[in-house]
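The primary structure of each chain is shown beneath.
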Amino acid sequence: MRSSYKKEDVILLLKDITGLVKPQPAEEREKLIQSGKHYSEMLPAEYVPTEEYMQIYHNSLKQYAGTVASAVACLAERIIETRGKDIVFVSLARAGIPAGILLKHYLKLKYQLDIPHYSISIIRGRGIDSNAMDYLLERYKPGQLLFVDGWTGKGAIYNELEKNVKNYKGVFPDIAVIADPANITNLCGTHEDILIPSSCLNCTVSGLISRTFLRGDIIGRNDFHGAVYYKELESQDLSYGFIEAVEKEFTTGHCIKEREVPGKGIDEVKEIAASFGINDINLVKPGIGEATRVLLRRIPWRVLISMEYKDEPMLCHLARLAEEKNVKVLHYPLKHYKCCGIIKKLADT
C-alpha cells in the first residue's frame, strides 16, 4: 500500500483500493451504520477544513508538540524496560501509524535502534487482519510483535485485540499508546487525556490514506484489509510536519505529571450513556481523539466538556468544529476524560 510516509518509516500491510470505493457523506453513512451496515464496508467523505480550523490546528501543534513528545519518550522508555529491544512495532492503521513512527524515531535517536515498523488493520466487530498477521509471523517471532496505537477511548479496540490474539500462540495482547485516558494499559506515555494534534485532521496528517475497509466484493480471502490513497490531496499533506514538530521537542524521557483517577474509562462511559438515555454505548465517544473523530466524520449530537477544562486551549479545535456543525456543547463532570462526543441517534433509520 502506498502512502506519503517513507518506506523506511513504515510498511503498510494494506490493499490499495483507490478508485474502487466511493466515499459517502456523513449523514448517508450514519443512517446505514445505525440501520445495521458495518462501518468498515463504507468510507467517509474526508472533511475539508476551513482556514480558521487549520489555524487552530497549527496553533495546537505549536503549543502541544512538547506534551506529545514527552509522552512518546516516556512510552518508549517503558517499552524498553518491559519488552526489551528485540521488538517489532505493529501499528494499528491509521491513528497508530504516526505514533509508531515517532516511537521508531525516538529509539533510533536515543538508543541507535532500528526497530521494524509495520501497520495493519483491526476493525471493531470484524477483528484483526489475519493475512497481515500471517505475513508478520512468517518473518518474526510471536513475542517480538508489539501493537501500537495513538490513544484509547473506551478500550473497544484493545478488547478486540485481546480477543483476536488468542488465536496466535505467543503473541502478547499488549497495546502501546501515547495517551490512555481509558486506563487500560500500563504501556502508555500518560493516562491523561492529552491533545495529540494528529487526531485533529484525517488523511492529511496520516500519510494520505483512508481509514481501513473490509467488504467481501473488494477484499478477497487472501487480501489484506483495504485503504484508499488520496493522491489529489498531496499538496495539503502535513504528515511529516506533525512528525517533525514533535521530534524537535524530544527529551530523554521526562514523563508527564498526572493525577491518578481510579477505575476504568468504560465505567464512566456507561454512566454518561445512562444519564442521556443512550442504549448503545458505541454512540458515546470519550476523550479528545474520539470526540474529534465524531465531529470530523459522524453526525454529532452533543459534545461534553469537563467543567474543570471548559476554558482549556487544548479543546479549541473541538469548540470550532462544534460551531461549524451547529452542535451543542455541554459542561459535564467528567473524570477520566476532558471531553466526550455523542453521536446523534437517527430516528428515521
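Scope of this entry: the structure provided in the associated data block. Everything quoted here is computed from the prediction, not taken from an experiment. Positions within a chain are numbered from 1, following the residues in the order the chain's sequence is written. Owing to the predicted nature of the model, reporting of local features is limited to residues with pLDDT of at least 70; listing and counting of side-chain atom pairs is limited to 80 or more, with chain, interface and lining totals taken over all residues. Each side-chain value is worked out from all heavy atoms of the structure, with water and hydrogens disregarded.

For helices, the fitted line uses only the C-alpha atoms of the stretch in contact; every axis is such a line through C-alpha atoms, and the angle between N-to-C directions lies from 0 to 180 degrees. Going along the chain from the N terminus, every DSSP run of H or I of four or more residues is numbered as a helix, and every run of E of two or more is numbered as a strand. Viewed as axis vectors pointing N to C, helix α2 (residues 51-83) and helix α9 (residues 316-324) meet at an angle of 170 degrees, and their least axial separation amounts to 9 Å. Taken as axis vectors, α2 and α9 run roughly antiparallel relative to one another. The crossing of α2 and α9 is left-handed. In contact with E52, Y53 and I56 of α2, α9 contributes C316, H317, R320, L321 and E324. For the contact of α2 with α9, the residue count by class is four nonpolar, one polar and three charged. In what follows, roughly perpendicular refers to angles from 65 to 115 degrees, roughly parallel to angles under 35, roughly antiparallel to angles over 145, and oblique to any angle outside these ranges. By the definition used in this description, the sense in which the near helix is turned from the far one sets the handedness, with an anticlockwise turn below a right angle giving left-handed and a clockwise turn giving right-handed. In what follows, residue pairs with any heavy atoms lying within 4.5 Å of each other are defined as contacts. The nonpolar class holds Ala, Val, Leu, Ile, Met, Phe, Trp, Tyr, Cys and Pro. Asp, Glu, Lys and Arg form the charged class, and all remaining residues, Gly among them, are polar.

On to helix α7 (residues 265-275), then. We call a residue buried when its accessible area falls under 20% of the maximum for its residue type, exposed when it is over 50%, and partly exposed in between, using a 1.4 Å probe and counting protein chains only. Those residues of α7 that fall on the buried side of the exposure criterion are G265, E268, V269, I272 and A273. Viewed end-on, α7 has its buried residues packed into an arc of 140 degrees, placing them on one side of the element. On its buried face, α7 sits against β11 (284-286), β12 (300-306), β13 (328-332) and β14 (339-343). Picture the helix axis, draw a direction to every C-beta atom, and the arc is the one those directions span.

With that settled, consider helix α5 (residues 156-164). When α5 is considered as a whole, its buried residues turn out to be Y158, E160, L161 and N164. Buried residues along α5 cover an arc of 160 degrees about the axis, so they all sit on one side. For α5, the secondary structure elements touched by its buried residues are β5 (122-123), β6 (127-128), β7 (145-151) and β8 (175-179).

Time to look at the sheet that holds β13. Strand pairing is assigned whenever DSSP identifies at least 2 bridges connecting the two strands. The strand order β11-β14-β12-β13 describes an open sheet built from four strands, whose pairing is mixed. The outermost strands of the open sheet, each flanked by one partner alone, are β11 and β13. The average angle at which neighbouring strand axes cross in this sheet is 25 degrees, direction not considered. In this structure, β12 lies alongside β14, joined through five bridges in antiparallel fashion. Paired with I305 across the bridge in β14 is C339. α7 contacts β11, β12, β13 and β14 of the sheet and is inclined by roughly 140 degrees relative to β11.

Spatially, β1-β4-β3-β7-β8-β9 is the arrangement adopted by the six strands of the open sheet, whose pairing is parallel. Of all the strands in the sheet, just β1 (11-12) and β9 (188-190) have a single pairing partner and so form its edges. Pairing of β7 with β8 involves four bridges; the strand directions are parallel. Looking across to β8, one finds that W151 is bridged to A179.

Considered as a void within the structure, the largest pocket measures approximately 970 Å³ in volume. Residues are said to line a cavity or pocket when one of their atoms sits within 4 Å of a point; the points come from a 1 Å grid over protein atoms alone, cavities being sets where a 1.4 Å probe fits but cannot get out and pockets being open sets with protein on both sides within 12 Å along at least five of seven lines. Around the largest pocket, the lining comprises 46 residues; the ones closest to its centre are Y39, R211, K285, E290 and R293. Among the secondary structure elements, those contributing two or more residues to the lining of the largest pocket are α1 (26-34), β7, α5, β8, β11 and α8 (288-297). Among the residues forming the lining of the largest pocket, the class breakdown is 20 nonpolar, eleven polar and 15 charged. Quantified by volume, the second largest pocket comes out at close to 240 Å³. Around the second largest pocket, the lining is made up of 16 residues, and of these E46, Y47, V48, T204 and L233 lie nearest the centre. When the residues that make up the lining of the second largest pocket are grouped by side-chain class, the tally is eleven nonpolar, three polar and two charged. Grid points are joined across faces, edges and corners, and a volume is the space filled by probe spheres set on the points.

Only a pair of cysteine sulfur atoms within 2.5 Å qualifies as a disulfide here. Scanning the model with the defined rule gives zero disulfides in all. Not engaged in a disulfide, the cysteine C200 finds its nearest cysteine sulfur in C316; these two sulfurs lie 10 Å apart. C200 sits in the buried class, given a relative accessible area of 0%. C340 forms no disulfide, and the closest cysteine sulfur to it belongs to C339, at a distance of 7.6 Å. Given the relative accessible area of 0%, C340 is considered buried.

This next bit is on empty space enclosed by the protein. Scanning the entire structure with this criterion turns up two cavities of 30 Å³ or more. Its boundaries defined by the atoms lining it, the second largest cavity holds a volume of some 70 Å³. If you go around the second largest cavity, you meet 14 residues; those closest to its centre are W151, D193, I194, I288 and G289. Looking at the lining of the second largest cavity, the element that brings in the most residues is α8, giving three residues. Looking at the lining of the second largest cavity residue by residue, the class counts come to seven nonpolar, five polar and two charged.

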